[in-house]
Amino acid sequence: MEWEQLDLNPRIIAAVKKANFRSAKEILCVSGPDLQRLTRLSKTDVQRVHCSVAAVVRKSKPVTALQLIRGECPVLEAGHRLSFACPVLDGLMRGGLPIRGITELAGESAAGKTQFCLQLCLSVQYPQENGGLNSGAVYICTEDSFPIKRLRQLITQQPQLRPDLPPALIRSRRFSDNIYIEHAVDLEALQACVSQRVPVLLKRGLVRLLVVDSVAALFRSEFQADEAVQRSRHLLAFSNILHHLSHEYGAPVVCVNQVTDVVDGPNPGRCDYGLVGSKVLPALGIAWANQVMVRLMLRRLAGQVQSDSRSSAPRKLEVVFAPHLPRASCLCGVWEEGVRGIPDDNSDLQPQGSS
Amino acid sequence: MHRTVPSLPLAPSMKVKLINAGFQVASDLTDMRPLQLCKEAGISQEEAVEVLQVLRDDGQPHQQRAATESLTALDLLHQEQALGSIVTFCSALDDALGGGVPVGKTTEICGSPGVGKTQLCMQLAVDVQIPVCFGGLGGKALYIDTEGSFLVQRVADMAEAAVQHCTLLAEDTEQRQALEELTVEKILSNLFLVRCHDYVELLAEVYLLPDFLSEHPEVRLVVIDSIAFPFRHDFEDLSQRTRLLNGLAQQLIQLATQHSLAVVLTNQMTTRVSNGQSKLVPALGESWGHAATQRLILHWEGLRRLASLYKSPSQMEATIQYQITVQGFRDAPDEPRTTPDSSAVSSPSGNHSKRPRMEDLS
């Protein structure tokens, strides 16, 4: 606690020190009357103590929304998003992933969640004017091993996915060098990874995207059904670290989540997020949902979509909730070059059969 | 003024000197000059000045209270009605709340993720700025964001929609004149944002609120979105959390009454298991339920979004339906129209959404 920083009479500072207060946190957590009693200062003196300690703790003064939208405070409002590398998907997300905050991608197995994540790991490496963040990505695997072959395929096919970019730009990127892969076999390893190794990469500016694939695997396997409280506590601690890293370094965090089956009908004790008629809901309950800023669900549909004589099973990417997006969805397919959204007006690409 | 010298907030050695000099009651000291006190009590001139300062600081609230006359209930009613309320642009919710979110009180909005708490808060931050001639308060707003979910793009959309709404309602010259100044830029410039990353920063911000409010006396709304987020982890000592939350609630209600503002807090939901059944209840514990004056719970019922007024000293419990459109927080499309004699802003042309509901597109 830097006592000299405080704009206070030395007499007051002496009284506060004498009462054994060592940090700003301790002072702010004590109420006015309690502080009066402990330091024997008067009411106005105590108010002055609280105000000057608060002024030191406060990181930045209030700014207006006009300043934010004009891009005058990049720390609070980045003014750009992380592109999905597909104009249809970016349109659904009004530009792409928000720079700060946790985005969740939930879906059944084989829905294509890992494909999305790999695509983002490549997209982040382009310069900001091309929708990237000019930096690398950390990919934390908790389920299967990292799909390195698929990543190599995506890298060679980048010119096909991004025809809008000059080939020289794509060739100049050393994609594999900038993707840091971590495997976490249990919760302890996961915790160590995000609290020790990931911050180092972020601090050095080597990465600006964090992918956790998946969040559900370890939390669902290591806790029994009746250990909900402990699971919540660990989940909150974990998401708190992710949240702080995301906001401090301006790095989007993407968490892949599994889904649970909905066996009974509507249950007042469980939140459905307005997903009526869905047979699955994102896992980890409301404790996790409260930490997530943007929730996306990916569903694999029946039928086929065609593109240049290639075919793929269609997927539906739906925005379940986001502060800046309406509840909308779009269709997409998974091709050799990556995930591509299907524009609404392209009727011959509509899938046969429904979800 | 019957305070005895020993009960004053002074150093004990000081009190001993004063008592030895014959001062028993605080009123003995009030008329003393510093030099006089210095000679009589045998203390230095600096200390004498300080003693008198302490006396004055502590004495004032008592004197003020004695000076104000007692108010009749009718006076209080007039005062409350004069304070006004902030419309939400959802006429059903405004009716249930008795006009809108009340100024001078704290309102808590609870709900699951994605149901619309942040949307309602952003809408209120825009609506508080509606000019007085349109039935609004013409005030500014302070938005304290603890989750990082304040995205200015969305607020700009809502501001645009609000300006259009007022444009359609403008009837007389006074309103048209006010409209000329009501632009999206002006609305955004009157909305202040602070981001708090943990509960210590939030506590600090609330201690700094009185200074902020005296610098910006036109602020009529303070939003904390959400108050639950920073308090729901790394608190081993739950009793400390309860104490801090209670302290915050008290400070906020004091600010709400002293500065005539509406304080809106958002809270998360959590699962509570009782008798083998699980229910969704507001987070932060039982004692937090007493903190806010009014409590609004937003929840899903199938595809419908409902708002229930759960606790209010003046309004009846009610549940109404609302929707979130591109323009913001609005009435659900099949709600009955408002009566013609309600305020100009929530007029029958309240729901301008000619565009299809986004929910229908998926």
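Cut-offs and rules
Residues numbered from 1 in each chain as written. Chains lettered and ligands numbered in written order. Predicted model: local features only at pLDDT ≥ 70, side-chain atom pairs only at ≥ 80, totals over all residues. Heavy atoms only, no water. Helix = DSSP H or I, 4+ residues; strand = E, 2+ residues; numbered from the N terminus. Buried < 20%, exposed > 50% of the residue type's maximum accessible area, 1.4 Å probe, protein only. Contact = heavy atoms within 4.5 Å. Areas by Shrake-Rupley, 256 points an atom, 1.4 Å probe, with all protein chains shown as cover. Lys, Arg positive; Asp, Glu negative; His and termini not counted. Charge placed at Lys NZ, Arg CZ, Asp CG, Glu CD. Pairing = 2+ DSSP bridges. Axes fitted to C-alpha atoms, helices over the stretch in contact; angles between N-to-C directions. Domains from an automatic or database assignment. Parallel < 35°, antiparallel > 145°, perpendicular 65-115°, else oblique. Left-handed = near helix turned anticlockwise from the far one by under 90°. Buried area = accessible area lost by both parts, 1.4 Å probe. Salt bridge = Lys/Arg side-chain N within 4 Å of Asp/Glu carboxyl O. Polar contact = N/O pair within 3.5 Å; in protein donor to acceptor, adjacent residues only side chain to side chain. Nonpolar A, V, L, I, M, F, W, Y, C, P; charged D, E, K, R; others polar. UniProt positions renumbered as here; feature names shortened; annotations may be inferred.

### Thoughts on the overall build of chain A
Consideration 1: Regarding its fold elements, chain A presents 14 helices and 14 strands.
Consideration 2: Along the first, second and third principal axes, the C-alpha set of chain A runs to 80 × 55 × 40 Å.
Consideration 3: Looking at chain A residue by residue over its 355 residues, the buried ones come to 55%.
Consideration 4: In chain A, 64% of the contacts between residues at least 6 apart in sequence involve partners at least 24 apart.
Consideration 5: In the form shown here, chain A has an accessible surface area of approximately 15700 Å², with 50% of it arising from carbon and sulfur atoms.
Consideration 6: Within chain A, the 34 negative side-chain charges are centred at a point lying 6 Å from the centre of the 41 positive side-chain charges.

### So, the sheet that holds strand β5 (residues 207-213) of chain A
Residues and elements named next belong to chain A.
Consideration 1: On the basis of which strands lie adjacent, the open sheet formed by nine strands has the order β4-β3-β5-β6-β2-β9-β12-β13-β14 and mixed pairing. Each end of this open sheet is capped by a strand with a single partner; those strands are β4 (179-183) and β14 (338-342). Strand after strand, the sheet turns through a mean of 25 degrees between neighbouring axes, direction not considered.
Consideration 2: Where strand β3 (residues 136-141) meets β5, five bridges bridge the pair, whose relative direction is parallel. Across the sheet, the residue bridging to G136 is V207, located in β5.
Consideration 3: The strands that helix α11 (residues 187-203) touches are β3, β4 and β5; relative to β3, the one it contacts most, it runs at about 170 degrees.

### Looking at the domain arrangement of chain B
In many reports, interface size means the accessible area that the parts give up when they come together.
Consideration 1: For chain B, the assigned domains are domain 1 (5-58) and domain 2 (73-331).
Consideration 2: Each of domain 1 of chain B and domain 2 of chain B was reduced to a C-alpha centroid, and the two centroids are 47 Å apart.

### Quick notes on the packing of helix α4 (residues 43-57) of chain A against helix α11 (residues 199-215) of chain B
Consideration 1: In contact at an axis separation of 8 Å, α4(A) and α11(B) are set at 125 degrees when each is read in the N-to-C sense. The angle between the axes of α4(A) and α11(B) places the two elements in the oblique class. Crossing angle aside, the handedness with which α4(A) passes α11(B) is left-handed. Of α11(B), the residues touching α4(A) (which contributes H50(A), C51(A), A54(A), A55(A) and V57(A)) are V200(B), E201(B), A204(B), Y207(B), L208(B) and D211(B).

### Topic: the interface of chain B and chain A
Consideration 1: Taken together, the contacts link 63 residues of chain B with 54 residues of chain A.
Consideration 2: When the buried area of chain B at its contact with chain A is split by residue, P113(B), L151(B) and Y207(B) rank highest and sum to 12% of it.
Consideration 3: Taken together, chain B and chain A are joined by four salt bridges.
Consideration 4: Between R58(A) and E205(B) there is a salt bridge whose closest N-O contact spans 2.6 Å.
Consideration 5: Put simply, chain B and chain A have 17 residue pairs in polar contact (both at pLDDT 80 or more) between them.
Consideration 6: By residue number, the principal contributor to the side of chain B that touches chain A is α11(B), which donates ten residues.
Consideration 7: When grouped by side-chain class, the residues that make up the side of chain B that touches chain A number 29 nonpolar, 17 polar and 17 charged.
Consideration 8: Bridging between strand β1 (residues 63-64) of chain A and strand β5 (residues 191-195) of chain B involves two bridges; their strand directions are antiparallel. From the neighbouring strand, V63(A) faces β5(B), where its bridge partner is L193(B).

### Looking at the UniProt feature "domain: RecA family profile" (unreviewed entry) in chain A
Consideration 1: Sequence positions flagged by UniProt for "domain: RecA family profile" (unreviewed entry) are, in local numbering, residues 78-259 of chain A.
Consideration 2: Along residues 78-259 of chain A the backbone is 45% helical and 16% strand, and the end-to-end C-alpha distance reaches 31 Å.

### Observations regarding the sheet that holds strand β4 (residues 140-145) of chain B
Consideration 1: Taken together, ten strands build an open sheet; the order of strands is β1(A)-β5(B)-β4(B)-β6(B)-β7(B)-β3(B)-β10(B)-β11(B)-β12(B)-β13(B) and the sheet is mixed. One side of each edge strand has no neighbouring strand; the edge strands of this open sheet are β1 of chain A together with β13 (328-331) of chain B.
Consideration 2: Judged from the six bridges that link them, β4(B) and strand β6 (residues 219-225) of chain B form a sheet pairing that is parallel. Following the sheet pairing, K140(B) is matched in β6(B) by V219(B).
Consideration 3: Along the sheet, helix α8 (residues 152-169) of chain B makes contact with β5, β12 (318-325) and β13 of chain B, crossing β13(B) at roughly 45 degrees.

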